[in-house]
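An overview of the molecular structure
So the chains spell out like this:
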Amino acid sequence: MTPSPVWHPFTQHALEPAMKRIIRTEGAYLFDDQGNAILDAISSWWVITHGHRHPLIMDAIRHASESFDQIIFAEYTHQPAEELAKRLIAIAPAGLDHVFYSDSGSTCVEVALKMALGFFHNSGAPRSRIVVMEHGYHGDTIGTMSAGERGVFNAPYEPMLFGVDRLPFPVPGREQDTLDAFEAFCRGGQVAALLIEPLVLGAGGMLMYPASLLAELKAIATRHGSLMIADEVMTGWGRTGTLFACEQANIAPDILCTSKGLTGGSLPLAATLCSAEIFDAHLSSDRSRTFFHSSSYTANPIACAAAQANLDVWKTEPVTARVQSLVAMHGTRLERFKADSRFGNVRQTGTIVALDVNVPATGYFSEAGPKLRAFFKGRHLLIRPLGNVIYLMTPYCVTAANLDRIYDAIDEAADMIVQGGAR
Ligand SMILES: *Cc1c(COP(=O)(O)O)cnc(C)c1O
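Quick caveat, the model's predicted, so the values are computed rather than measured.

Turning next to a nonpolar patch on the surface. On the surface, Phe10, Trp45, Val152, Phe153 and Phe365 cluster together into a nonpolar patch covering about 540 Å² of accessible area. For Phe10, the position within the fold is in the segment before β1 (22-26). Classification of Phe10 by relative accessible area gives partly exposed; the value is 42%.

This brings us to the site of the ligand. Around the ligand sit Trp46, Ser104, Gly105, Ser106, Tyr137, His138, Gly139, Glu197, Asp231, Val233, Met234 and Lys260, and those are all the residues in its vicinity. Asp231 has a polar side-chain atom sitting 2.7 Å from a nitrogen atom of the ligand. Within the side chain of Lys260, a nitrogen or oxygen atom sits 2.7 Å from an oxygen atom of the ligand. Bound to the protein, the ligand loses 83% of the 380 Å² it would expose on its own. Grouping the constituent residues of the shell around the ligand by class yields 4 nonpolar, 5 polar and 3 charged.

Attention shifts here to the UniProt feature "modified residue: N6-(pyridoxal phosphate)lysine" (unreviewed entry) in the chain. With numbering matched to this structure, UniProt assigns "modified residue: N6-(pyridoxal phosphate)lysine" (unreviewed entry) to Lys260. Position of Lys260 among the secondary structure elements: in the loop between β11 (255-258) and β12 (270-274). We classify Lys260 as partly exposed; its relative accessible area is 22%. If near-sequence neighbours (up to four positions away) are discounted, Lys260 is found in contact with Trp45, Trp46, Val47, Val233, Met234 and Gly265.

Turning our attention to the sheet that holds strand β3 (residues 37-40). Taken in spatial order, the 4 strands of this open sheet run β1-β2-β3-β15, and their pairing is mixed. Only two strands of the sheet have a single partner each, and these edge strands are β1 and β15 (381-382). Two strands pair when backbone bridges link them, and strand β2 (residues 29-32) and β3 are joined in this way by 3 bridges, in the antiparallel orientation. Across the sheet, Tyr29 pairs through a bridge with Leu39, a residue of β3.

Here we take up the side chain of Asn154. Within the secondary structure, Asn154 sits in the loop between α5 (142-147) and β6 (165-167). Given a relative accessible area of 4%, Asn154 falls into the buried group.

Turning our eyes to something else, we now look at helix α3 (residues 79-91). Residue pairs three or four apart in sequence face the same way in an α-helix, which turns once every 3.6 residues. Given a rise of 1.5 Å per residue, 13 residues ought to cover 18 Å, and the 18 Å separating the end C-alpha atoms of α3 matches this to within 8%. Listed in full, the buried residues belonging to α3 are Pro80, Ala81, Leu84, Ala85, Arg87 and Leu88. Taken together, the buried residues of α3 touch β4 (98-102), β12 and α10 (301-316).

Bringing the pairing of strand β5 (residues 129-133) into the picture now. Most of β5 is tucked away: 4 of the 5 residues are buried. A crossover connection joins β5 to the parallel β6 through α5; in handedness this β-α-β unit is right-handed.

Here we come to the packing of aromatic side chains. Centre-to-centre distance and the angle between the planes together describe a pair of aromatic rings. Summed over the entire model, instances satisfying the criterion amount to 13 aromatic pairs. With centroids separated by 6.2 Å and ring planes inclined at 35°, the aromatic side chains of Tyr29 and Phe31 adopt a geometry described as tilted. Arranged with centres 5.7 Å apart and planes meeting at 80°, the rings of Phe375 and Phe376 form a pair that is edge-to-face. Residue classification places Phe375 among the buried positions, given a relative accessible area of 17%. Grouped by ring-pair contacts, the aromatic residues Phe10, Trp45 and Phe153 constitute a single cluster. Above the ring of Phe31, the side-chain terminus of Arg24 is found at 4.3 Å from the ring centroid.

Bringing the pairing of β12 into the picture now. With respect to burial, β12 is a largely interior element, 5 of its 5 residues being buried. Residues Ala270, Thr272 and Cys274 line one face of β12 and the alternating positions Ala271 and Leu273 line the opposite face, and both faces are buried. As defined by bridge partners, β4 adjoins β12 across 5 bridges and the pair is classed as antiparallel. When the sheet's bridge partners are listed, His98 is paired in β12 with Cys274.

The rules behind each value
Residues numbered from 1 in each chain as written. Predicted model: local features only at pLDDT ≥ 70, side-chain atom pairs only at ≥ 80, totals over all residues. Heavy atoms only, no water. Patch = residues over 30% accessible without salt bridge, like charges linked within 9 Å, V, L, I, M, F, W, Y side chains within 5 Å. Areas by Shrake-Rupley, 256 points an atom, 1.4 Å probe, with all protein chains shown as cover. Salt bridge = Lys/Arg side-chain N within 4 Å of Asp/Glu carboxyl O. Helix = DSSP H or I, 4+ residues; strand = E, 2+ residues; numbered from the N terminus. Buried < 20%, exposed > 50% of the residue type's maximum accessible area, 1.4 Å probe, protein only. Near = heavy atom within 4 Å. Polar contact = N/O pair within 3.5 Å; in protein donor to acceptor, adjacent residues only side chain to side chain. Nonpolar A, V, L, I, M, F, W, Y, C, P; charged D, E, K, R; others polar. UniProt positions renumbered as here; feature names shortened; annotations may be inferred. Contact = heavy atoms within 4.5 Å. Pairing = 2+ DSSP bridges. Expected span 1.5 Å × (residues − 1). Right-handed = clockwise from strand over helix to strand, strands pointing away. Phe/Tyr/Trp six-rings, centres within 6.5 Å; stacked < 30°, edge-to-face > 60°. Lys NZ or Arg CZ within 6 Å of the ring centre and 35° of its normal.

So this is what it looks like as structure tokens:
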């Protein structure tokens, strides 16, 4: 076979085996061209919420495509975008009054950063510092890489990245250090916004912290007139047990970013929700105050229709109950690993669970990572550990039997790694 010209994401083509070719998806499964059913335990990189190809969402896409393709979104608007914006505001934390559309998690965070700086610029008291949390991840564009954890992933681009202020991750018992650091940065008077993943830092290793800490950070931001940008790109749409993670801290961020689960994972779409104050700071007869941002595919009508269908699924099906039952099913199965010396830091926030395999070499390039991945692939399980961190983030349609299969495989995989000489 001639080699493929396709350059895949996060893939070292010199080391990876041939790609598996997928011909169809349904529910919790991907089907390959060899007749295998692969159980998708990470929701195809965290996007699929209800399950692959939910019928209501697929119908909405078919229906919308009878009337729409892409439409310019300046001077013109359309029902799918208008209706979706109203519905998003109705379910989002209070105080978010406007919706700006884009097309990926990275772009909706870029939009949030620009809104924050634009807000202070247009208010006549410019502020230019962005505060983030250590181990954070906000995307792979230059701006979002700047805000994310630095390391081997972005070393070549380092000269182009801008500086941000970083809070230490709130490890248990040291939470005050995080709060003190934020307070100190804010006292400088230049902090435009805290950009943060609420409750769970995803790509940074599925690190979890309590809702109370998020609430305290918000209080500090408010006290100093700094904005809070909640990057709910991963945590939104039920992953943490509530529709948005911010709900658990009982806070309303000034800006909220949502993408991955917005269309149930069916089509690319993103939205940045913001407060009326931020919108109003850009509202002027002076054209220089315009919010100068657009993606060509902004508010794609078919994607907006898919997102509306996702909201319909949440409304007409017992999604919340399904999520709660998944949370409980994980909880009981995770129990067996809690006192297991092969694992450390066994943790769960809502439907997201993670555990560290105890190997001497940790981190993303831990030897354990590729070995675990290959082991799970051999079992027709889609699980991609972050180094030695095994995590699960399944679609909500997985069954108890699916989970039993996954947890048994984790048990065996750990034996393979811990006893099999990956030390
Ligand atoms: C995935 C992710 C992003 C980036 O989303 P893309 O659609 O991949 O650009 C941003 N923030 C968080 C928290 C994410 O998990």
